Every structure is written in C-alpha cells, then in structure tokens.
Amino acid sequence: MMVRAKVLPFLFCLVVVAFGTKESDLKQCKHQCKVLQQIEEYQREKCYEICEKLYHGEKQEKEEEEINSYEGKEEGKNNPYVFNEEHFITGIKTEHGRIRVLPKFSERSKLLKGIENYRFAILEANPKTFVVPNHWDADAVLFVAQGRGTLSLVRKGKRNSFNIGRGDVIKVCAGTTAYLINRDDNEKLLIAKLLRPVSTPGQFEHFFGPGGRENPESFYSAFSSEILEAALNTRKDRLQRLFGQPREGVIIRASEEQIRVMSQHEEGGIWPFRGESKGSVNIYKQRPLQSNQYGQFYQVDDSNYKQLEDLDISLNFANITEGGMLGPIYSSRATKIAVVVEGEGYFEMACPHLASESESESGRRQGSKETETRIGPYQKVHSKLRRGMVLVIPAGHPFVAVASTNQNLQIVGFNVNARNNEIVPLAGRNNVMSQLEREALELGFGLPAREVEQIFQSQQEEFFFQGPGGRQSGRAAA
Ligand SMILES: *[C@@H]1O[C@H](CO)[C@@H](O)[C@H](O)[C@H]1NC(C)=O
Ligand SMILES: [Cu+2]
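Quick notes on the rules
Residues numbered from 1 in each chain as written. Chains lettered and ligands numbered in written order. Predicted model: local features only at pLDDT ≥ 70, side-chain atom pairs only at ≥ 80, totals over all residues. Heavy atoms only, no water. Helix = DSSP H or I, 4+ residues; strand = E, 2+ residues; numbered from the N terminus. Buried < 20%, exposed > 50% of the residue type's maximum accessible area, 1.4 Å probe, protein only. Contact = heavy atoms within 4.5 Å. Areas by Shrake-Rupley, 256 points an atom, 1.4 Å probe, with all protein chains shown as cover. Donors = N, O, S within 2.8 Å, 3.2 Å for Na, K, Ca; no water. Arc of directions from axis to C-beta. Salt bridge = Lys/Arg side-chain N within 4 Å of Asp/Glu carboxyl O. Near = heavy atom within 4 Å. Polar contact = N/O pair within 3.5 Å; in protein donor to acceptor, adjacent residues only side chain to side chain. Nonpolar A, V, L, I, M, F, W, Y, C, P; charged D, E, K, R; others polar. pLDDT = per-residue confidence, 0-100. Pairing = 2+ DSSP bridges. Axes fitted to C-alpha atoms, helices over the stretch in contact; angles between N-to-C directions.

Moving on, we come to the overall build of the chain. Across its full length, the chain carries 11 helices and 26 strands. Counting over 478 residues, the chain shows a buried share of 47%. A separation of at least 24 residues holds for 77% of the contacts in the chain among residues at least 6 apart in sequence. When the accessible surface of the chain is totalled, it reaches about 25,000 Å², and 49% of it is carbon and sulfur.

Take the coordination of the copper ion (ligand 2) next. Only Cys351 (SG), His353 (ND1) and His397 (NE2) from the protein coordinate the copper ion (ligand 2), and they sit 2.1 to 2.2 Å from it. Read in sequence order, the donor residues for the copper ion (ligand 2) give the motif C-x1-H-x43-H. Placement of the pair is His353 in helix α9 (residues 352-365) and His397 in the loop between β22 (390-393) and β23 (399-403), with a sequence separation of 44 residues. Taking relative accessible area as the criterion, His353 reaches 35% and is therefore assigned partly exposed. Looking at His397, the relative accessible area reads 5%, which means it is buried.

Turning next to helix α11 (residues 449-456). Taken together, the buried positions of α11 are Ala449, Val452 and Glu453. Around the axis of α11, the buried residues are gathered within 100 degrees of arc, so they sit on the same side. The exposed set on the far side of α11, more than 90 degrees from its buried face, consists of Arg450 and Ile455.

Okay, the pattern of salt bridges next. Throughout the structure, instances matching the rule amount to 19 salt bridges. Where Arg260 meets Glu257, a salt bridge forms, and the shortest distance between an N and an O atom there is 3.1 Å. Here Arg260 pairs with Glu257, and both are found in helix α8 (residues 256-262), just 3 residues apart, close to one helical turn. For Arg260, a relative accessible area of 45% corresponds to the partly exposed category. One salt bridge connects Glu348 with Lys380, and the closest N-O pair in it is separated by 3.9 Å. Of this pair, Glu348 sits in strand β20 (residues 345-351) while Lys380 sits in strand β21 (residues 379-385), and the two are 32 residues apart along the sequence. Counted as one network, the salt bridges with shared partners bring together Glu85, Arg98, Arg100, Glu124 and Lys188.

Within the structure, ligand 1 sits among Tyr284, Gln296, Phe317, Asn319, Asn408 and Gln410. Asn319 is positioned with one of its side-chain polar atoms (N or O) 2.3 Å from an oxygen atom of ligand 1. With respect to ligand 1, the side chain of Asn408 contributes an N or O atom lying 3.0 Å from an oxygen atom. For ligand 1, the accessible surface in isolation is 360 Å², of which the surrounding protein chains cover 52%. Here the shell around ligand 1 is built from residues that sort into 2 nonpolar, 4 polar and no charged.

Attention now goes to the confidence of the model for the chain. When pLDDT is averaged along the chain, the result is 79, and 73% of the positions lie at 70 or above. Low pLDDT, under 50, characterises residues 1-21; the predicted model gives this stretch 39 contacts beyond four residues in sequence or across chains.

Taking burial as the measure, the 8 residues of strand β8 (residues 158-165) include 6 buried ones, the bulk of the element. Inspection of the sheet shows strand β7 (residues 148-155) paired to β8 by 8 bridges, in the antiparallel sense. Bridge pairing links Arg155 to Lys158 in β8.

Of all 9 residues that make up strand β11 (residues 189-197), 8 are buried, and the element is covered over most of its length. Note that strand β4 (residues 119-125) and β11 share 7 bridges and pair antiparallel. What sits directly across from Leu123, in β11, is Ile191. Relative to β11, strand β6 (residues 138-146) is paired through 8 bridges, and the arrangement is antiparallel. Bridge pairing in β11 places Asp139 opposite Arg196.

Backbone-to-backbone hydrogen bonds join strands into a sheet, with any given pair of strands oriented parallel or antiparallel. Strand order in the open sheet formed by 7 strands is β2-β3-β4-β11-β6-β9-β14, with antiparallel pairing between adjacent strands. The open sheet terminates on both sides in strands that have one partner only, identified here as β2 (89-94) and β14 (280-282). Each adjacent strand pair in this sheet contributes to an overall mean axis angle of 20 degrees, direction not counted. Here strand β3 (residues 97-101) pairs with β4 via 5 bridges, running antiparallel. Opposite Val101, over in β4, you have Ala121 as the bridge partner.

Have a look at this one:
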C-alpha cells in the first residue's frame, strides 16, 4: 500500500503533463503507462484508467486550469508566445540526463497553428554519458547550446562521427540512426532541437534500438520470435538474451575508456554522404550580418550550410551586449522559435491578434457578430527573458529584445519559412521608413515630412542600439 500511495501521485503528474486532448494523445498517454518501468502491473492498470478519465471527462477542466495558470504571471498573462520550464513535457529522464519537449504549438494557442507541424525539444546529458542509438520519424536541426560531445550518424550505409561543441548547427535527416556522447568531464551537454515530423504532422516518436527489454524497449521485440529467428538466422534463446537485457534508460553512463575511443573524431567531420556538405557548421564562426558595440547577429542558412536547403529552416544567433538592445525589427516571412542560451533581459512584441481576439470573444458573448478585419489595437506582448526560456515570434510581428545591464543576452532562433525571408529594421540607419517618399510620410503620419524624417534619422546605429537602461535621461536628440 505504501508503494502504491507513493507512486500514484507521481504517475498522475506524469500523465497529466503529457496529456493533450486528441485521440493520439490518449494513445501516447497509455504508451507512457506501458513504458514506465518502476511500477507494478496493477498500477499500470490504474495509469490507463487515469488516461481514459482525462480524455473523456476532464478535457474542459484541463483547459480552464491551463488558462488560470497563466494569470497573474508577468510572462504568462494572456501570452501564448512565451514558454517556461513548466510548459515542457519531460519525454525521457534518467539520473544522467533528460529530453524535454514542448507540446504541439497549436495546443497552446490557435495563434500558433502556423507552426503546429514543428516541435521543439531540449536534450540535456550529464558529463561522460552516452545517449543510446535511436532514430526519429522527424527531420531535425540541432543547435549545441553548451558542452562538448561526439555525434554519430548512420545513414545510407555509412557512419559519420564528429565532435560537436557550442554554436554548432547540425541537421539530422529523419530515420538516421544517431547516438551521442558527452565527452566533457564537467560540463553538461545541452542541445536544442527543432523537429519536423515526417509521418504524422506535429507528432513524433523516438524509436530505440538495438538492445533492451524495456527502458528503452528494442523495436526488434515487436516482431514475432519466428520472424526474428528467420531474419537474423539465430536460435531463439540467443535472441532472447540479446533483446532481454535490462537497460538503465536512454541516457546512460559510459566508461572513461569508451568515451576516449568514441571521441577520437574531428570537429565538423567529413561528410561521406555523396553530394552533401559537412556534418556541422558553427554559427559563431560565420561572418556576422550585423555587428556593432551593442551586439552581433549571425545566420546559418542554406547558403553556408547546404543541408538546410530542403527544410526551409535557418538559424540566427544574437549576442546582445549588456545594456544593449536588438531591434525593433520584424521578419517578413519567417516565424522564429527562439531559445535564450545565456543571460537575462526582456522582450516586447506588437501583436494585433491577442487584443482583437479577446475583444471579439467578449463581443460574441454579448451576441454581436463581428466579421470585418480590424486594424489594431496592438497588444504589447512582453516578458522577462531568462536562460532556457523559449519565445515564438510570428512573421510580420515587430519586436525588440533588451539585454540586462550586467550580462550579455544570447538568443538562438530557428526560423521556419526561412526562404526569401527578410529582416526589416524599424529603427536606426536603413530603417524602412527612411525609404518612403516625403509625401507618403506626410500622409502616413499626418505630420510635416521634415519632422518625421528628423525622428527616423536620429538613430545613427544599425540593428543593435544602446538599451533604455544604459541611456542617460535627456541624451536623446529629439
Ligand atoms: C558575445 O559578445 C561578447 C562581447 O560583448 C564577446 O566577448 C563574446 O565572445 C560573444 N559571444 C559569442 C558566443 O559570440
Ligand atoms: Cu499576433
């Protein structure tokens, strides 16, 4: 009884966290019950029951709870664009590391429907550990946020192993068998991943192999033993031994010797797959697109990393100097999924959807029908930024990011719909307003053109500026 009392609340948490509102989520929920190792059979039954109950009876309640939990928090209030630690689902966890995944974006808000086919995950592996071979039914772009590892990819009958470190960008094609070590003695390996599932949009599973009875379960064990005996030309008892070993999870400890042997590879590696470029590219080593004393802005796209061509994804890295700020800018086509890699600060974004959404909702309740497209009012979406937080910045939405006054703010962004994307500056040298005719400025702002021009020409810097915290009052020119 004691055990039961202790395990069930834990189970319940796990199940609730993992739970969405669709049929597929019910299946996923049950799958989690199935793969939990530390529970007894009767508890497994209970776990299934919880899944069913959640799915059929408590959908409504869950939605309300979710909305309430955002109230009263500066970063969460009415703001579906910011994700904290608590929004992640822990997909996999062992004492040596974990993989955390954000739920499907459209579950958070229908405003994120445009990126619902993408998923975001963070892998954390402790020093001297091994992430067992596995493959995913998703194309993935990886960014190494911290640490040093060695990644092995097996594809088209060849293995390519290469050392990876901070700032590396790596594409992993769907179905590639991949494994990884953290070869550092002290530092955790942190990898941010953007995934684009290839079989069921927005859904992905990790598949594991080769060994293991459970945790992880080998995919071989799904086959009948006669099939395996025939396919592997091996007696049943030997196969039972091969696939029957207890495992300690997906992220496990490796010996000094195993690490030493497996890390003897070059940075970046050579790419043996015909017609393709290098295994990885380092974003910090690119020529910055923008750079001044307030920050640097880098990009990796299909021009400097050919493998990104078919994914229509690019990456940006912004290193905003302490006391500095980036923007205001907007992206013409791309929606940015960004994660704070280092430092603190805040961001602000203009969003017409949130404001009109809440208004039209109350309008509907009062029985009035509103169908015309309204312009504004804009909601100021804002949030503090801390290490590990994830932001979504939709295309066309003007935003700024401001670093705290005591530490650089470093943000990496994965851009979805990257092809032909343009970053449009709204302040500083070359801002978009400076391209407008005088008459257009006059008509657009309802002021004499000279006055408008003066203001938009006052800032001499480009892209990165001194932030509000670093300015002395009265220093502004206008
Ligand atoms: C970020 O900028 C600082 C200077 O403000 C520099 O010392 C540091 O190396 C930069 N970091 C990266 C990763 O580019
Ligand atoms: Cu919006």
